[in-house]
Amino acid sequence: LTMGIFYFMTGEILWTVYDLILHRDPFPSLADLFYTLAYPSFFLGLLNELRTNKINVKGVSKLFLYSLLLNSFLITCIIFYFYIYRTYDASNTFRENFYTVGYGVGDLILVVMNFFVFFLAWKEREEGLTSAWFYFFSAIFMTLLGDILFGLFETEHSQKLWPYLQTIDSIWILSYLYFAASFFE
């Protein structure tokens with residue numbers, strides 16, 4: 001999990017350097033490599049947490065599980081359409097398409113990760129939802145929300161139009177703050 005946070009942070013630093021200091025279009029760049037490395041790191045870290053905590057879903061309401069699955073399916077459809085189907089462009093380079101589609105696949109991993117975080121929190125429900133897991137769940141949710149909004153308003157964001165740029169970037173920054181809070185909790 002720590003490596004995932006490190007990769008996101010490194011990607012953000014590199015993106016900022018390209019954009020604000022070098023005044024170069026940061027896509028695609030080395031920053032994208034670090035962003036995409038974060039997704040499998042989070043996935044493997046949470047998988048390890050599930051394995052070591054021996055998570056059991058028997059105590060979870062079936063209605064709740066079904067509604068969680070349905071919501072995840074709907075979010076998956078939105079991500080697939082806006083981030084995988086709509087973003088692939090045959091006129092782009094392989095590298096551009098790789099990262100563009102890769103972000104969509106990464107967001108699908110985020111949906112699965114929310115299941116993991118829920119079950120980790122469920123296991124610790126006797127003690128209440130721990131702050132670290134609450135922050136981590138919030139970080140994943142905010143990242144996912146920012147990515148979906150970016151998929152919907154990519155043109156407006158790229159043109160740096162108010163309020164698209166500020167809103168989407170603020171959501172991503174909030175996700176990083178939640179990641180930091182979960183790390184230090």
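Just so you know, these numbers come straight off a predicted model, no measurement behind them.

## Notes on the overall build of the protein
Okay, step 1: Counting its regular elements, the protein contains seven helices and zero strands.
Okay, step 2: Scanning the protein from its N terminus toward the C terminus, one meets helices and strands in the order α-α-α-α-α-α-α.
Okay, step 3: Taking 2.2 N^0.38 as the reference for a compact globule, 185 residues should give roughly 16 Å; the C-alpha atoms of the protein span a radius of gyration of 17 Å, in line with that estimate.
Okay, step 4: Principal axes of the C-alpha set define a box for the protein whose edges measure 50 × 35 × 30 Å.
Okay, step 5: Burial statistics for the protein: of 185 residues in total, 38% are counted as buried.
Okay, step 6: Look at the contacts in the protein between residues 6 or more apart in sequence, and 74% of them connect residues 24 or more apart.
Okay, step 7: Surface exposure of the protein reaches about 10900 Å², of which carbon and sulfur atoms provide 68%.
Okay, step 8: Charge separation in the protein, taken as the distance between the mean sites of 10 positive and 16 negative side-chain charges, equals 12 Å.

## Focus: the packing of helix 1 (residues 2-21) against helix 7 (residues 164-184)
A pair of packed helices is captured by two measures, namely the crossing angle of their axes and the spacing between those axes.
Okay, step 1: The geometry of helix 1 relative to helix 7 is characterised by a closest axis approach of 11 Å and an angle of 145 degrees between their N-to-C directions. Regarding helix 1 and helix 7, the two cross each other, and that crossing is left-handed. Between helix 1 and helix 7, the contacting residues are Thr2, Ile5, Phe8 and Glu12 on the first element and Tyr176, Phe179, Ser182 and Phe183 on the second.
Okay, step 2: Residues belonging to the contact of helix 1 with helix 7 are distributed by class as follows: five nonpolar, two polar and one charged.

## With respect to the pattern of salt bridges
Okay, step 1: Under the definition given, this model contains one salt bridge.
Okay, step 2: Two residues, Asp19 and Lys160, come together in a salt bridge whose shortest N-O distance is 3.9 Å. A residue pair is termed long-range when its members are at least 10 positions apart, and Asp19 in helix 1 and Lys160 in the loop between helix 6 (154-158) and helix 7 qualify at 141 residues.

## Focus on the nonpolar core
Okay, step 1: Counting residues in hydrophobic clusters, the biggest one holds 33 residues, and the most contacted among them are Phe8, Phe42, Leu46, Phe136, Ile140 and Phe179.
Okay, step 2: Only helix 1, helix 2 (30-53), helix 3 (62-85), helix 4 (94-123), helix 5 (131-152) and helix 7 provide two or more residues apiece to this core.
Okay, step 3: It is helix 5 that provides the largest number of residues to this core, a total of nine residues.

## Quick look at the packing of aromatic side chains
Okay, step 1: Evaluation of the coordinates by the stated rule reveals 21 aromatic pairs.
Okay, step 2: Ring centres of Tyr81 and Tyr85 lie 5.8 Å apart, and the angle between their planes is 25 degrees; on these two criteria the pair is classed as stacked. Taken together, the residues Tyr81 and Tyr85, both in helix 3 and four residues apart, mark about one turn of the helix.
Okay, step 3: Exposure remark for Tyr85: the relative accessible area of 56% places this residue in the exposed category.
Okay, step 4: With centroids separated by 5.5 Å and ring planes inclined at 70 degrees, the aromatic side chains of Phe136 and Phe179 adopt a geometry described as edge-to-face. Of this pair, Phe136 sits in helix 5 while Phe179 is found in helix 7, placing the two residues 43 residues apart along the sequence. In terms of burial, Phe136 and Phe179 fall into one category: buried.
Okay, step 5: An aromatic cluster is built from Phe8, Trp15, Tyr35, Tyr39, Phe42, Tyr103, Trp133, Phe136, Tyr176 and Phe179, whose rings are joined through pairwise contacts.

Cut-offs applied
- Residues numbered from 1 in each chain as written.
- Predicted model: local features only at pLDDT ≥ 70, side-chain atom pairs only at ≥ 80, totals over all residues.
- Heavy atoms only, no water.
- Helix = DSSP H or I, 4+ residues; strand = E, 2+ residues; numbered from the N terminus.
- Rg over C-alpha atoms; globule rule 2.2 N^0.38 Å.
- Buried < 20%, exposed > 50% of the residue type's maximum accessible area, 1.4 Å probe, protein only.
- Contact = heavy atoms within 4.5 Å.
- Areas by Shrake-Rupley, 256 points an atom, 1.4 Å probe, with all protein chains shown as cover.
- Lys, Arg positive; Asp, Glu negative; His and termini not counted.
- Charge placed at Lys NZ, Arg CZ, Asp CG, Glu CD.
- Axes fitted to C-alpha atoms, helices over the stretch in contact; angles between N-to-C directions.
- Left-handed = near helix turned anticlockwise from the far one by under 90°.
- Nonpolar A, V, L, I, M, F, W, Y, C, P; charged D, E, K, R; others polar.
- Salt bridge = Lys/Arg side-chain N within 4 Å of Asp/Glu carboxyl O.
- Core = buried A, V, L, I, M, F, W, Y, C linked by side-chain atoms within 4.5 Å.
- Phe/Tyr/Trp six-rings, centres within 6.5 Å; stacked < 30°, edge-to-face > 60°.

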